[in-house]
Amino acid sequence: MTQTTEAAFDVQQPKQNPNRVHRAWFVAAVTFVTIIGAAAFRSLPGLLVDPLHQEFHWSRGTIGAAVSINLALYGLTAPFAAALMDRFGIRRVVAVALTVIAVGSGLTVWMTAAWQLLLCWGLLVGLGTGSMALAFAATVTNRWFTERRGLVSGILTAASASGQLIFLPVLSWMVESYDWRPAAVTVALAALAVVPFVWLLLRDHPADVGVKPYGAKEFVPKPPPVTGAARRTLGTLFSAVRTGPFWLLAGTFAICGASTNGLIQTHFVPAAHDHGMPITAAASLLAVIGVFDVVGTIASGWFTDRFEPRRLLAVYYALRGISLLFLPMLLAPSVHPPMIFFIVFYGLDWVATVPPTLALCREHYGEDSAIVFGWVLASHQVGAALVAFLGGVARDVFGSYDMVWYASGTLCAAAALMALVIRRRPVVTVPVPVAG
């Protein structure tokens, strides 16, 4: 190697001070704050079902349809967003997504017809939040970390719950004390407030700042932009659907979405209100779910680095299903100890499924794991969308949510069995030739 080449190589690989905090942790921190800002809208749908029903006389099924569009687009956009991040960079995609969220949420203030709800709340915010979905966290984790990936994915997944914890009490107080419109404006401003942090502090790849990924032994050059984002995304899907693990992961994650975003996040507040519980009290319980979700998800990331992901998923889904079967007996006008126990228990299990699901995607799909996880996340949101809509229809038809709780509990039991069926990826060993 010539002196000139060696010098250039040294420029690309500046020596890292071992006593300094690795830049990857700062990128993870900015990502965490960004997801919190985007999570503000995820706190809003359950709070607006009754106010929109009372003001515009729209059926709960109609309002649920808007939530369904939002949740479905949240999932279907995610795999394309992961590919777009490979093409245009994380920073640009995320900044645009936050702006779209702000526009969609802000425009709802002037809506007067149901189609406007479907357009703003469903289409625009669905596209924006989809680009800010967990595929964003998966992309950051894959690029910036080779060690502690389970822990980091758990922390970034918990950001959504942290946003719920921060915004739910505030938004529910606004809806109860004033109107739903100030809450919508607050969500728009929260999304816009994060854009400067993303643009100034987030970086696309470790090579942009001349460092190795956290835990990597060698410097990783920044890959060239990947063109044909849509073609790559669809090609990855067509390849993945020919494998059994994809269908099992997609099926279990669809049930995960149905039993969290689609069910509890959308319908818990109106269901509790049906039993005489004030909206602020029910929203506070959802915020408590957010507290324990942070603990449970980070712990799940730690467990995923140490235990078999399939078994973890089976345990998580089985416990979630059991808890849902008991929920109809716990709803009451006031908060009592058994309900608090349910909230704590459900919070610990809320998105604890994400780190082991991510780990299984990495195990089976390697470099394409972020895009594959995007498609698995799409199934999560399709499941959530179906239950968000069908839950509202069930409430209109039967006058209660009991059937929805029981059906979701049964589905979680099925997900536990599906998780155990996911096969291990065989380890390929290369024979070492023996010198003769």
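Numbering of residues begins from 1 in every chain and follows the order in which that chain's sequence is written. Given that this is a predicted model, residues contribute local features only at a pLDDT of at least 70 and side-chain atom pairs are listed and counted only at 80 or more, while totals for whole chains, interfaces and linings are drawn from all residues. Heavy atoms from the whole structure form the basis of all side-chain values; hydrogens and water molecules are not counted.

Going by what an unreviewed UniProt entry lists, the protein chain is known as MFS transporter and is assigned to Streptomyces brasiliensis. UniProt positions are given in the numbering used here, feature names are shortened, and annotations may be inferred rather than shown by experiment. UniProt lists a comment for the protein chain under the heading Subcellular location (unreviewed entry), and it reads "Cell membrane".

Bringing the packing of helix α14 (residues 309-330) against helix α18 (residues 402-421) into the picture now. Axis geometry follows a simple rule: fit a line to the C-alpha atoms, using only the stretch in contact for helices, then measure angles between N-to-C directions, giving values from 0 to 180 degrees. Each helix is a run of H or I in the DSSP string that is no shorter than four residues. Each strand is a run of E no shorter than two, and both are numbered from the N terminus. It is at 8 Å that the axes of α14 and α18 come closest, and there the two elements cross at 165 degrees. Comparing their axes, α18 and α14 come out roughly antiparallel. Where α14 crosses over α18, the two elements pack in a sense that is left-handed. Contact with α14, carried on its side by Arg310, Leu313, Ala314, Tyr317, Ala318, Arg320, Gly321, Leu324, Leu325, Leu327 and Pro328, involves Asp402, Trp405, Tyr406, Ser408, Gly409, Cys412, Ala415, Ala416, Ala419 and Leu420 of α18 and no other residues of that element. Residue type decides the class: Asp, Glu, Lys and Arg count as charged, Ala, Val, Leu, Ile, Met, Phe, Trp, Tyr, Cys and Pro as nonpolar, and the leftover types, Gly among them, as polar. Class assignment of the residues belonging to the contact of α14 with α18 gives a composition of 15 nonpolar, 3 polar and 3 charged. Any angle from 65 to 115 degrees is called roughly perpendicular, while one under 35 is roughly parallel, one over 145 is roughly antiparallel, and all others are oblique. Take the far helix as your reference; a near helix turned counterclockwise from it by less than a right angle gives a left-handed crossing, and one turned clockwise gives a right-handed crossing. Note on contacts: a residue pair is in contact if any heavy atoms of the two residues lie within 4.5 Å.

Here we take up helix α13 (residues 279-304). Multiplying 1.5 Å by the residue count of a helix minus one yields the expected span of that helix. End to end, α13 covers 36 Å across 26 residues, agreeing with the expected 38 Å (1.5 Å per residue, within 8%). A residue's bend is given by the angle between axes fitted to the 7 residues ending at it and the 7 residues starting at it. Of all bends in α13, the biggest is about 25 degrees, found at Phe292.

The next subject is a nonpolar patch on the surface. A cluster of nonpolar side chains, Val315, Leu319, Ile322, Leu325, Phe326, Met329, Val397, Phe398, Met403 and Tyr406, forms an exposed patch at the surface whose accessible area comes to about 1,000 Å². Going through the elements one at a time, α14, α17 (369-398) and α18 are the ones with two or more residues in the nonpolar patch. Among the elements that take part in the nonpolar patch, α14 stands out by supplying 6 residues, more than any other. Structurally, Phe398 can be placed in helix α17. Classification of Phe398 by relative accessible area gives exposed; the value is 59%. The patches described consist of residues with a relative accessible area above 30% and no salt bridge, like charges being joined within 9 Å and nonpolar side chains (Val, Leu, Ile, Met, Phe, Trp, Tyr) within 5 Å. Residue exposure ignores everything except the shown protein chains as possible cover, and the areas themselves are Shrake-Rupley values with a 1.4 Å probe. Each reported salt bridge corresponds to a side-chain nitrogen of Lys or Arg within 4 Å of a carboxyl oxygen of Asp or Glu. Under the scheme applied here, a residue whose accessible area is under 20% of the maximum for its type counts as buried, over 50% as exposed, and between as partly exposed, the area being computed with a 1.4 Å probe on protein chains only.

The next subject is the packing of aromatic side chains. Pairing of aromatic rings covers Phe, Tyr and Trp, the last counted by its six-membered ring, and requires centre-to-centre distances within 6.5 Å; plane angles under 30 degrees mean stacked, over 60 mean edge-to-face, and any other angle means tilted. The tally for this structure, following the rule as stated, stands at 13 aromatic pairs. Their ring planes at 80 degrees and their centres at 5.4 Å tell us that Trp173 and Tyr178 sit as a pair that is edge-to-face. What makes Trp173 partly exposed here is its relative accessible area of 44%. These aromatic residues form a ring-pair network of at least three members: Trp25, Phe145 and Tyr214. In this analysis the charged atom, NZ for Lys or CZ for Arg, is taken to sit over a ring once it is within 6 Å of the ring centre and within 35 degrees of the ring normal. Sitting over the face of the ring of Phe88, Arg87 holds its NZ or CZ atom 4.8 Å from the ring centroid. Above the ring of Trp199, the side-chain terminus of Arg91 is found at 4.6 Å from the ring centroid.

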